[in-house]
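Observations on the three-dimensional arrangement
Given next are the chains, with one letter for each unit.
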Amino acid sequence: DQQVKQNSPSLSVQEGRISILNCDYTNSMFDYFLWYKKYPAEGPTFLISISSIKDKNEDGRFTVFLNKSAKHLSLHIVPSQPGDSAVYFCAAGDDMRFGAGTRLTVEP
Amino acid sequence: NAGVTQTPKFRVLKTGQSMTLLCAQDMNHEYMYWYRQDPGMGLRLIHYSVGEGTTAKGEVPDGYNVSRLKKQNFLLGLESAAPSQTSVYFCASSYSGTVYGYTFGSGTRLTVV
């Protein structure tokens with residue numbers, strides 16, 4: 001059973017515009033959520049996290065929003081840059097359940 | 001700054017062969033993990049360790065064994081490789097579980113024929 005789901009396999013945006021990546025989860029007991037970025041032939045790198053007691057966390061161009069009632073979180077990247085092109089994974093729970101990932105392409 | 005180092009980076013095995021994947025971290029992290037990544041599946045936890053001498057099963061442990069004899073090393077063993085174990089394997093470590101995020105190695109691409 002996939003407790004963390006990323007329903008969009010890919011997303012393409014223009015440079016300078018906003019990228020919104022979405023993630024849904026099923027376990028209401030999850031209390032910590034993270035986003036990772038992965039480039040080809042490299043391991044995932046930690047990007048940003050949010051605790052369940054918050055609904056927003058911001059770090060530079062990256063903002064994560066959490067909607068606990070909807071069991072939904074999203075990652076906003078503003079403005080998007082070509083170097084942001086990568087696969088983005090959301091993860092949650094004490095045993096770090098990962099979604100399947102969304103491939104973001106930022107076009108110049 | 002080595003971080004998490006995985007060896008080997010690539011390997012091809014025949015069905016039934018055995019091998020060990022080595023993960024080494026130089027950050028003095030207590031927690032270490034082995035994941036596999038398959039297309040459309042994200043990363044799935046195989047085994048993990050919360051300290052030297054400890055191991056525990058993750059989401060998909062069958063067909064794998066692990067050992068953590070030294071704090072800096074976490075070994076993943078395949079006793080009798082099967083084609084279903086063809087995957088990319090990632091090792092990760094963390095200071096204290098989930099909160100601070102994990103540091104991942106660059107992966108081992110394993111093909112079982």
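Moving on, we get to the interface of chain B and chain A. The partner chain A presents 20 residues to the 17 residues of chain B that form the contact. The contact between chain B and chain A buries some 1400 Å² in all, and 61% of this surface belongs to carbon and sulfur atoms. Summed over the shared surface of chain B and chain A, the number is one salt bridge. The partner of B:Glu59 in a salt bridge is A:Arg97, and the shortest N-O contact between them spans 3.4 Å. For the interface between chain B and chain A, the tally reads four residue pairs in polar contact (both at pLDDT 80 or more). For the side of chain B that touches chain A, the secondary-structure elements that each account for two or more residues are strand E4 (31-38) and strand E5 (42-49) of chain B. When residues in the side of chain B that touches chain A are grouped by element, the largest group, three residues, is from E5(B). Grouping the amino acids of the side of chain B that touches chain A by side-chain chemistry returns nine nonpolar, seven polar and one charged.

In this section: the layout of surface pockets. Estimates place the volume of the largest pocket at around 650 Å³. Taken together, 31 residues make up the lining of the largest pocket; nearest its centre are A:Lys38, B:Gln37, B:Val88, B:Phe90 and B:Arg109. Per-element accounting of the lining of the largest pocket gives the leading share, four residues, to strand E11 (residues 108-112) of chain B. When the residues that make up the lining of the largest pocket are grouped by side-chain class, the tally is 13 nonpolar, twelve polar and six charged.

Right, let's talk about the state of the cysteines for a bit. Residue and element names in this part refer to chain A. The full count for this structure, using the stated rule, is two disulfides over all chains. The side chain of Cys 23 participates in a disulfide bridge whose partner is Cys 90; the two sulfur atoms lie 1.9 Å from each other. Negative torsions about the S-S bond denote left-handed disulfides, and the value of about 65° found for Cys 23 with Cys 90 makes this one right-handed. Taken as a pair, Cys 23 in strand E3 (residues 19-25) and Cys 90 in strand E9 (residues 86-92) lie far apart in primary sequence, 67 residues in all.

About the cut-offs
- Residues numbered from 1 in each chain as written.
- Chains lettered and ligands numbered in written order.
- Predicted model: local features only at pLDDT ≥ 70, side-chain atom pairs only at ≥ 80, totals over all residues.
- Heavy atoms only, no water.
- Contact = heavy atoms within 4.5 Å.
- Buried area = accessible area lost by both parts, 1.4 Å probe.
- Salt bridge = Lys/Arg side-chain N within 4 Å of Asp/Glu carboxyl O.
- Polar contact = N/O pair within 3.5 Å; in protein donor to acceptor, adjacent residues only side chain to side chain.
- Helix = DSSP H or I, 4+ residues; strand = E, 2+ residues; numbered from the N terminus.
- Nonpolar A, V, L, I, M, F, W, Y, C, P; charged D, E, K, R; others polar.
- 1 Å grid on protein atoms, 1.4 Å probe; cavity = no way out; pocket = protein on both sides within 12 Å on 5 of 7 lines; lining within 4 Å.
- Points joined across faces, edges and corners; volume = space filled by probe spheres on them.
- Disulfide = S-S within 2.5 Å.

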